[in-house]
Amino acid sequence: MRVTVGDLVRIPHLRLDLFAGGGGLDRPVSWAHASDLDSVRDWLAGGELLIRNGRTLPPLGADQAELLRNLADVGASGLVVGEDPQTPALCDELAAAAEDCGIPLLVAPYSVGFAAISRAVADANSRDDAARVGQVERVYAAVRDALGGVPAESPVARLSRELGCRLLLLDAASAHPVDPSAPEPPPELRAAVRAAVRACEGKIPGVLRLPSADSGTSLAVEVPAEEPTLLVVEGLPSASSDTSLLHHLATVAAVEVARHAMALEHQRRVHGELLAHLLDARTDAPTARHELEAAGLEPSACVLVAAQHGDEPGRRDLHLTLGRRRIPHLLLSREPLLLALLPDDPDVLTTVRNKLGPAVLLGVGNALGVPDRLPTAHKEAMWALNLAATSEDRIARYGDDSAHTVLRSIDEARVVVDRVLGPLLAYDAAHRTDLVGSLDAFLHCRRSWQRTAAALNVHKQTVMYRMQRVEQLTGRTLATTGDLAELWIALQARELLGGPARTEGPGSHFRGAFRGASI
């Protein structure tokens, strides 16, 4: 049986005086915790005796009373104020709060060290050490068995049974179970988890308290994992609810999280191969539709997204984020791009952008419709990705009226390329020259013979000769504004269609993303 607050008051050498709250002297004390934090409630699991320096006590009575009520809310056993020369007066509001809440308020003289109080609690509770060690042994036995093979039940489920409580392993952001096969928690608990995580802005404290209809208050602790994860504990016996046991349980939960992450990684690889086959038209339509529906994707309600410049950790763990949030997806990395087939939902795109970081560029194709349209959807996404580089919010959708371009579709761009650049492309193919590349360099160098020659590493006369051939073959004059505009738009259309890109000169930092795609 644990020591009570009254037992500590009766220990002569501690010299603890009861100031108020005598109705709570029979409260058991699991541990003595010294802290001057204003938010100390976030680090208590219940049953602790809080010891605080008097000089850090709020001077106002209302604030002192609020401190005590916060301790009552988390089930603390009592409050010890260590007197020193700078301790403010203990106000009547504080005494009234102690009486109302039944929380003993004790005063320790300046000459008694906090270590003496902590030692007294530890010595008095030594008889409970064996029970606590037995609990920890059961915790790590579950870890050992899980690592030794495939257990009949998960470590978290096993400990729920052995400790006589309910343990839930939840994604911190969505409050869905980490295990997709696990039942969903009650809606009110999910809402409480999301609200608590938002309230602390994602920085999980030592212990989160969540209201629960069944058990009054549930405790939650963070689990070490790539994605923010919580272990929620409901109905843990009061004799076991200390922070050390909770964090031992979190260690066990981390093993289970790692196993689920391995399963999602395997799924990512399988789905990546499927997307590669679909993009390369290596799967027939009926099989493709069956595979997509098996992955949870309805072709008529999903889009292909091309992403570039995302954060590397975000790219690596995006499948975990999507899987945790029950968002069906196919992901494929084709450097420097990440391709994703996703539900056509603005919230899904927001999730992807948040995970990949503020620097990411996103190009979104039209709704897929049918599986065999994926090669075309790929070109649409690449088109939109190029437009995203000039968009203020770094995202563009194929056919979006907000895209600043005179070319409205792939078909229109192809017509422009064939009509304006067709003779040059044919000549280059027949003579193994690169008049199109030379024209692109000339226009990017602002029609400077000298700068173009330097960019192409040729003599200035060579550049002049090539531009004469361009004029002859296209029937357009480089000194005429209208002809220049046509040539420039045709070059932009060719890049949007995935034509070969320049590797140096103005604007070349982005075009490399499209190298290797076919028109």
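Structural data are supplied above this passage.
Residues numbered from 1 in each chain as written. Predicted model: local features only at pLDDT ≥ 70, side-chain atom pairs only at ≥ 80, totals over all residues. Heavy atoms only, no water.

Enquirer: Explain the environment of Pro-371 here, please?
Expert: Mapped onto the elements of the fold, Pro-371 is located in the loop between strand S13 (361-367) and helix H12 (374-388). Classification of Pro-371 as buried rests on a relative accessible area of 5%. In sequence terms Pro-371 and Pro-299 are 72 residues apart; their C-alpha atoms lie 6.2 Å from each other. Contact partners of Pro-371, with chain neighbours within four places excluded, come to Ala-285, Ala-288, Arg-289, Leu-292 and Pro-299. (Helix = DSSP H or I, 4+ residues; strand = E, 2+ residues; numbered from the N terminus. Buried < 20%, exposed > 50% of the residue type's maximum accessible area, 1.4 Å probe, protein only. Contact = heavy atoms within 4.5 Å.)

Enquirer: Just checking my understanding: could you explain the packing of aromatic side chains for this structure?
Expert: Geometry of an aromatic ring pair is reported as the spacing of the ring centres plus the angle between the planes. A full pass over the atoms with the stated rule returns two aromatic pairs. On the basis of an interplanar angle of 80° and a centroid distance of 6.2 Å, the ring pair of Trp-383 and Tyr-398 is categorised as edge-to-face. Here Trp-383, found in helix H12, pairs with Tyr-398, found in the loop between strand S14 (395-397) and helix H13 (410-431); they are 15 residues apart in sequence, far enough to count as distant. For Tyr-398, a relative accessible area of 11% gives the class buried. (Phe/Tyr/Trp six-rings, centres within 6.5 Å; stacked < 30°, edge-to-face > 60°.)

Enquirer: Hey, could you run me through the sheet that holds S14 in this one?
Expert: Working definition: the strands of a sheet are paired by backbone hydrogen bonds and lie parallel or antiparallel to each other. Pairing within the open sheet is mixed, and its five strands lie in the order S11-S12-S10-S13-S14. The strands lining the two open edges of the sheet, one partner per strand, are strand S11 (330-334) and S14. Averaged over all pairs of adjacent strands, the angle between their axes in this sheet comes to 20°, without regard to strand direction. Two strands pair when backbone bridges link them, and strand S10 (residues 302-308) and S13 are joined in this way by five bridges, in the antiparallel orientation. Pairing of Gln-308 across the sheet is with Leu-361, part of S13. This element, helix H11 (residues 346-356), spans S10, strand S12 (337-343), S13 and S14 of the sheet and lies at about 150° to S12. (Pairing = 2+ DSSP bridges. Axes fitted to C-alpha atoms, helices over the stretch in contact; angles between N-to-C directions.)

Enquirer: Please explain the nonpolar core as it appears in this structure.
Expert: For soluble globular proteins, the rule of thumb is that nonpolar side chains tend to be buried together. Among the nonpolar cores identified, the biggest contains 53 residues, and Leu-275, Leu-330, Leu-341, Leu-374, Leu-421 and Leu-439 are the most heavily contacted of them. In terms of residues, this core owes the most to one element, H12, which gives nine residues. Not counting chain neighbours up to four residues away, the residues in contact with Leu-275 comprise Leu-304, Leu-330, Leu-331, Leu-332, Leu-339, Leu-341 and Leu-374. Core analysis: the second largest hydrophobic core is formed by 23 residues, Val-156, Val-178, Val-207 and Leu-219 among them. (Core = buried A, V, L, I, M, F, W, Y, C linked by side-chain atoms within 4.5 Å.)

Enquirer: Please explain the pairing of strand S4 (residues 78-82) as it appears in this structure.
Expert: Along any regular strand the residues' side chains alternate between the sheet's two faces. With respect to burial, S4 is a largely interior element, five of its five residues being buried. Because side chains alternate across S4, one face comprises the buried residues Gly-78, Val-80 and Gly-82, and the other comprises Leu-79 and Val-81, equally buried. In this structure, S4 lies alongside strand S5 (residues 105-108), joined through four bridges in parallel fashion. Bridge assignment links Val-81 to a residue of S5, and that residue is Val-107.

Enquirer: Help me out: how do you make sense of the pattern of salt bridges in this one?
Expert: Pairs may arise between side chains of opposite charge once their charged atoms sit close together. Overall, the coordinates contain 19 salt bridges when judged by the stated rule. For Asp-7, the salt bridge goes to Arg-10, with nearest N and O atoms at 2.9 Å. Accessibility expressed as a relative area gives 30% for Asp-7, which makes it partly exposed. Overall, the relative accessible area of 60% leaves Arg-10 in the exposed class. When the shortest N-O distance is used, the salt bridge between Lys-355 and Glu-227 registers 2.5 Å. Of this pair, Lys-355 sits in helix H11 while Glu-227 is found in the loop between strand S8 (216-223) and strand S9 (229-234), placing the two residues 128 residues apart along the sequence. Its relative accessible area of 3% is what places Glu-227 among the buried residues. Sharing partners across several salt bridges, the network here consists of Asp-171, Glu-227, Arg-324, Arg-325 and Lys-355. (Salt bridge = Lys/Arg side-chain N within 4 Å of Asp/Glu carboxyl O.)

Enquirer: Please explain the sheet that holds strand S2 (residues 31-34) as it appears in this structure.
Expert: Taken in spatial order, the five strands line up as S1-S5-S4-S3-S2 in an open sheet, and their pairing is mixed. The open sheet terminates on both sides in strands that have one partner only, identified here as strand S1 (17-20) and S2. Neighbouring strand axes in the sheet, compared pairwise and without regard to direction, differ in orientation by 30° on average. Of the strands in this sheet, S1 and S5 touch helix H3 (residues 92-101), which is tilted by about 95° from S1.

Enquirer: So what exactly am I meant to see when it comes to the pairing of S5 here?
Expert: Covered by surrounding structure in S5 are Leu-105 and Val-107 together with Leu-106 and Ala-108, the residues of both alternating faces. In the sheet, S1 pairs with S5 via three bridges, with the strands oriented antiparallel. In the strand pairing of S5, Ala-20 is matched with Leu-105. Considered for its hand, the β-α-β crossover made up of S4, H3 and S5 is right-handed. (Right-handed = clockwise from strand over helix to strand, strands pointing away.)

Enquirer: What is the right way to read empty space enclosed by the protein from this model?
Expert: Over the atoms, a rolled probe matching the size of one water molecule traces out where space is still vacant. Scanning the entire structure with this criterion turns up four cavities of 30 Å³ or more. Size it by volume and the largest cavity reaches roughly 60 Å³. Along its surface, the largest cavity is lined by Val-178, Glu-226, Glu-227, Val-257, His-260, Ala-261, Leu-264, Leu-320 and Arg-324. Of all the elements in the fold, those that place two or more residues in the lining of the largest cavity are helix H8 (243-279) and helix H10 (312-324). (1 Å grid on protein atoms, 1.4 Å probe; cavity = no way out; pocket = protein on both sides within 12 Å on 5 of 7 lines; lining within 4 Å. Points joined across faces, edges and corners; volume = space filled by probe spheres on them.)

Enquirer: Help me out: how do you make sense of the environment of Pro-85 in this one?
Expert: Looking at the element boundaries, Pro-85 is found in the loop between S4 and H3. Taking relative accessible area as the criterion, Pro-85 reaches 73% and is therefore assigned exposed. It is 7.9 Å that separates the C-alpha atoms of Pro-85 and Arg-55, two residues lying 30 residues apart in sequence.

Enquirer: Explanation requested: the side chain of Asp-317 in the structure shown.
Expert: With respect to the helices and strands, the residue Asp-317 is situated in helix H10. A relative accessible area of 8% means that Asp-317 is categorised as buried. At a separation of 3.2 Å, a polar atom in the side chain of Asp-317 contacts the side chain of Arg-316. Those residues in contact with Asp-317 that sit more than four places away from it in its chain are Glu-226, Glu-227 and Lys-355. (Polar contact = N/O pair within 3.5 Å; in protein donor to acceptor, adjacent residues only side chain to side chain.)

Enquirer: How do you make sense of the packing of helix H2 (residues 61-73) against H3 when you look at a structure like this?
Expert: Between two packed helices, both the angle of their axes relative to each other and the distance between the axes serve to describe the pair. Two elements in contact, H2 and H3, have axes whose closest approach is 7 Å; the angle formed by their N-to-C orientations is 20°. The angle between H2 and H3 falls in the class roughly parallel. The interaxial crossing formed by H2 with H3 has right-handed handedness. Counting all contacts with H2, which are made through Gly-61, Ala-62, Gln-64, Ala-65, Leu-68, Arg-69 and Ala-72, the residues of H3 involved are Glu-93, Leu-94, Ala-97, Ala-98 and Cys-101. For the contact of H2 with H3, the per-class residue count stands at eight nonpolar, two polar and two charged. (Parallel < 35°, antiparallel > 145°, perpendicular 65-115°, else oblique. Left-handed = near helix turned anticlockwise from the far one by under 90°. Nonpolar A, V, L, I, M, F, W, Y, C, P; charged D, E, K, R; others polar.)

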